[in-house]
Amino acid sequence: EKAGFDHFMLKEIHEQPKAYRDTMRGRVSDDGLSVTLGEIGMSDEQIKGIRKVQIVACGTAYHAGLVGKTIIERLARIPVETDVASEYRYRSPIITPDTLVIVVSQSGETADTLAALREAQRNGARVLAITNVVGSSVAREADHVLITWAGPEIAVASTKAYTSQLIAFYLFGIYLAQTLGTVEQAAVTELLAAMNQLPEQVESVLEQSAVLKQVAESIAKHKNLFFIGRGVDYAVAQEGSLKLKEISYIHSEAYAAGELKHGTLALIEDGIPVIALVTQEELYEKTLSNIKEVKARGAHVLGIANAGSEVEVGKSVDELFAIPKTLPLLSPAISVIPLQLISYYASLAVGNDVDKPRNLAKSVTVE
Ligand code: F6R
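Residues numbered from 1 in each chain as written. Predicted model: local features only at pLDDT ≥ 70, side-chain atom pairs only at ≥ 80, totals over all residues. Heavy atoms only, no water.

The name given to the protein in an unreviewed UniProt entry is Glutamine--fructose-6-phosphate aminotransferase [isomerizing], and the organism recorded there is Paenibacillus terricola. Under the UniProt heading Function (unreviewed entry), the note attached to the protein is "Catalyzes the first step in hexosamine metabolism, converting fructose-6P into glucosamine-6P using glutamine as a nitrogen source." Quoted straight from UniProt, the Catalytic activity (unreviewed entry) entry for the protein says "D-fructose 6-phosphate + L-glutamine = D-glucosamine 6-phosphate + L-glutamate". (UniProt positions renumbered as here; feature names shortened; annotations may be inferred.)

Student: Help me out: how do you make sense of the overall build of the protein in this one?
Tutor: When its secondary structure is counted, the protein shows 14 helices and 10 strands. For 367 residues, the compact-globule estimate of 2.2 N^0.38 gives 21 Å, and the C-alpha radius of gyration of the protein, at 20 Å, lies within 12% of that figure. Structurally, the protein occupies a C-alpha span of about 55 × 45 × 45 Å along its principal axes. Looking at the protein as a whole, 58% of its 367 residues are labelled buried. Expressed as a percentage of contacts within the protein between residues at least 6 apart in sequence, the contacts between residues at least 24 apart total 76%. Looking at the protein as shown, the accessible area adds up to about 14600 Å², and 50% of this sits on carbon and sulfur atoms. (Helix = DSSP H or I, 4+ residues; strand = E, 2+ residues; numbered from the N terminus. Rg over C-alpha atoms; globule rule 2.2 N^0.38 Å. Buried < 20%, exposed > 50% of the residue type's maximum accessible area, 1.4 Å probe, protein only. Contact = heavy atoms within 4.5 Å. Areas by Shrake-Rupley, 256 points an atom, 1.4 Å probe, with all protein chains shown as cover.)

Student: What exactly am I supposed to notice about the packing of helix H8 (residues 160-180) against helix H9 (residues 185-206) here?
Tutor: A pair of packed helices is captured by two measures, namely the crossing angle of their axes and the spacing between those axes. At their nearest, the axes of H8 and H9 sit 11 Å apart, and the two run at 165° to each other. Here H9 runs roughly antiparallel to H8, going by the angle between their axes. Seen from above, H8 lies across H9 with left-handed handedness. Along its contact with H8, which presents Ile-167, Tyr-170, Leu-171, Ile-174 and Gln-178, the element H9 presents Gln-185, Val-188, Leu-191, Leu-192, Met-195 and Leu-198. (Axes fitted to C-alpha atoms, helices over the stretch in contact; angles between N-to-C directions. Parallel < 35°, antiparallel > 145°, perpendicular 65-115°, else oblique. Left-handed = near helix turned anticlockwise from the far one by under 90°.)

Student: Would you explain the site of the ligand in this entry?
Tutor: Looking at the ligand, there are 13 residues lining it, with Ser-105, Gln-106, Ser-107, Thr-110 and Glu-246 nearest. Contact distances for the ligand include 2.6 Å between an oxygen atom and a backbone N or O atom of Gln-106. Val-156 has a polar backbone atom sitting 3.2 Å from an oxygen atom of the ligand. Within the complex, 89% of the 410 Å² of free accessible area of the ligand lies under protein. Spatially, the ligand is embedded in the largest pocket. Elements supplying a minimum of two residues to the shell around the ligand: helix H4 (59-76) and helix H11 (232-248). For the shell around the ligand, the element with the most residues is H4, which contributes three residues. (Near = heavy atom within 4 Å. Polar contact = N/O pair within 3.5 Å; in protein donor to acceptor, adjacent residues only side chain to side chain. 1 Å grid on protein atoms, 1.4 Å probe; cavity = no way out; pocket = protein on both sides within 12 Å on 5 of 7 lines; lining within 4 Å. Sits in = over half its atoms within 2 Å of the grid points.)

Student: In this structure, what is going on with the pairing of strand S8 (residues 273-278)? I would like to understand it.
Tutor: Remember that side chains alternate between the two faces of the sheet whenever the strand is regular. Among the six residues that make up S8, six are buried, leaving the element largely enclosed by the rest of the structure. Burial along S8 is two-sided: the residues Pro-273, Ile-275 and Leu-277 and Val-274, Ala-276 and Val-278 are all buried. Pairing of S8 with strand S9 (residues 300-306) involves six bridges; the strand directions are parallel. Opposite Pro-273, over in S9, you have His-300 as the bridge partner. As for the winding sense of the linkage, the β-α-β connection from S8 through helix H12 (residues 284-296) to S9 is right-handed. (Pairing = 2+ DSSP bridges. Right-handed = clockwise from strand over helix to strand, strands pointing away.)

Dropping the structure here:
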């Protein structure tokens with residue numbers, strides 16, 4: 001059932017190109033000009049009435065929601081808040097009938113996420129569920145459902161569900177933007193064409209697993225490390241850090257690159273690994289100067305950067321892992337892949353049970 005892979009996690013990492021294709025299938029018009037999401041049953045009037053979006057989820061799904069915020073704000077120009085579900089209800093969130101609440105859940109059974117959905121509906125908001133399980137509690141109770149077709153995810157550490165959630169957000173963001181007229185057709189055409197390239201681009205990262213295994217083996221010798229990035233790179237950094245913690249038990253922290261000097265830089269000492277995501281061209285200069293700050297304190301920096309930026313980024317880092325270049329907004333769908341593989345191989349290197357990390361359950365049905 002692991003289809004020749006040593007662990008479910010590795011199998012699921014390798015299933016991502018298929019999960020991307022399956023999640024996109026039937027949702028992009030044949031001419032590649034538009035997203036068709038009639039299946040979610042949201043009328044144009046309902047879409048035009050949305051004044052605010054709140055994305056609510058836990059863990060990895062929350063991290064997908066952080067990227068979802070950027071996607072929806074950039075494309076549809078609607079303000080978005082992203083909350084951890086266990087915090088959402090207790091901050092007296094302002095939920096109005098013109099709020100769209102998006103709950104994101106692989107299992108569709110997470111207690112806090114389900115409670116947030118109910119709270120939103122009690123306040124008159126409509127709820128869109130992005131979930132991987134047809135017929136789950138979240139799918140049954142939501143007003144609108146967008147299924148991620150990642151297929152069953154067995155490993156406790158979520159991989160293909162996360163990236164499929166990203167794909168769902170891209171599709172939904174484009175759909176909103178087209179309905180609202182907030183993006184030019186040329187931009188949509190370009191996004192959809194670039195999304196079609198993602199599965200092959202992910203394949204090419206998977207082919208470089210051996211390099212990432214070496215990186216992971218050196219990281220596994222450390223007790224602490226940092227992930228840094230700006231914008232969507234920061235969102236991916238948070239997911240990379242969670243993944244590494246949960247299966248390798250190595251402590252790490254994800255930090256907004258520009259925020260380090262406000263305190264955390266004090267923790268940077270000789271030899272500490274820093275994984276820096278540098279995929280956002282308009283932020284290169286700023287992130288590279290943050291990399292200099294940590295290198296000056298002795299950090300060993302691995303840069304995850306776009307192919308083609310090897311010279312520009314390469315000169316500021318100790319090691320560089322190049323990923324295929326895509327549009328800046330789409331880069332999380334590629335840049336997270338090396339982080340998943342690093343976590344997987346780090347977990348193996350320390351001898352953990354990769355698929356069943358200690359203290360964790362696949363589905364958290366208590367609050
Ligand atoms: C981490 C992980 C968890 C889940 C979280 C939400 O790899 O799997 O953080 O993402 O428990 O679960 P779902 O998406 O089922 O609501």
